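# A structural walkthrough
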Amino acid sequence: PGFIYYIIYALVNSIMCVPCLYGYASVIFNHSVFQPHINALSKLVILSSVVHQFCFSTFSSLSFSIGQVQDAGLIFLSAM
């Protein structure tokens, strides 16, 4: 596969993941203290997810690795 294949794969992955990341941000920052800053905090979650996915995909020994944020720890994180 060529470079265009990777670009299309990245675009589809981004289109699918960004709405989920906004949902994760609303779960993480659900306290009323964070509501005035939810826009900036949502963008911070997206930025940290981009950095996480880039590092995981770049440094993994697996050729098919995808470092997406999972929601398993969000329940505990939102309760803290």
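Residues numbered from 1 in each chain as written. Predicted model: local features only at pLDDT ≥ 70, side-chain atom pairs only at ≥ 80, totals over all residues. Heavy atoms only, no water.

### Some thoughts on the nonpolar core
What counts, and what does not: Buried Ala, Val, Leu, Ile, Met, Phe, Trp, Tyr and Cys residues that are joined via side-chain atoms within 4.5 Å together make up what is termed a nonpolar core. Type-normalised accessible area, obtained with a 1.4 Å probe on protein chains alone, sets the label of each residue: buried when under 20%, exposed when over 50%, and partly exposed for intermediate values. Elements are defined by DSSP. Helices are runs of H or I of four residues or more, strands are runs of E of two residues or more, and each kind is numbered from the N terminus. Note on contacts: a residue pair qualifies if any of its non-hydrogen atoms lie within 4.5 Å across the two residues.
Of all hydrophobic cores here, the largest spans 5 residues; its members are Ala25, Ile28, Phe29, Leu41 and Val45. Listing elements by their share of this core, those giving two or more residues are helix H1 (3–28) and helix H2 (38–59). When neighbours within four sequence positions are excluded, Phe29 is seen to be in contact with Phe34, Gln35, Ile38, Leu41 and Val45.

### Let's talk about the environment of His52
Among the structural elements, His52 can be located in helix H2. Separated by 14 residues in sequence, His52 and Ile66 place their C-alpha atoms 9.7 Å apart.

### With respect to a nonpolar patch on the surface
Applicable threshold: Patch membership is restricted to residues that have no salt bridge and whose relative accessible area is over 30%. Joining uses 9 Å for like charges and 5 Å for the nonpolar side chains Val, Leu, Ile, Met, Phe, Trp and Tyr. Per-residue accessibility takes into account occlusion by the displayed protein chains alone, with areas from the Shrake-Rupley method and a 1.4 Å probe. Salt bridges are identified by distance alone: a Lys or Arg side-chain nitrogen within 4 Å of an Asp or Glu carboxyl oxygen.
On the surface, Phe3, Tyr5, Tyr6, Ile7, Leu11 and Ile15 cluster together to form a nonpolar patch covering roughly 710 Å² of accessible area. Among the structural elements, Ile15 can be located in helix H1.

### Here we look at the side chain of Ser42
Note on placement: Ser42 falls in helix H2. Residue class for Ser42 comes out buried when judged on its relative accessible area of 6%. Residue contacts for Ser42: discarding those within four places in its chain leaves Tyr22 and Ala25.

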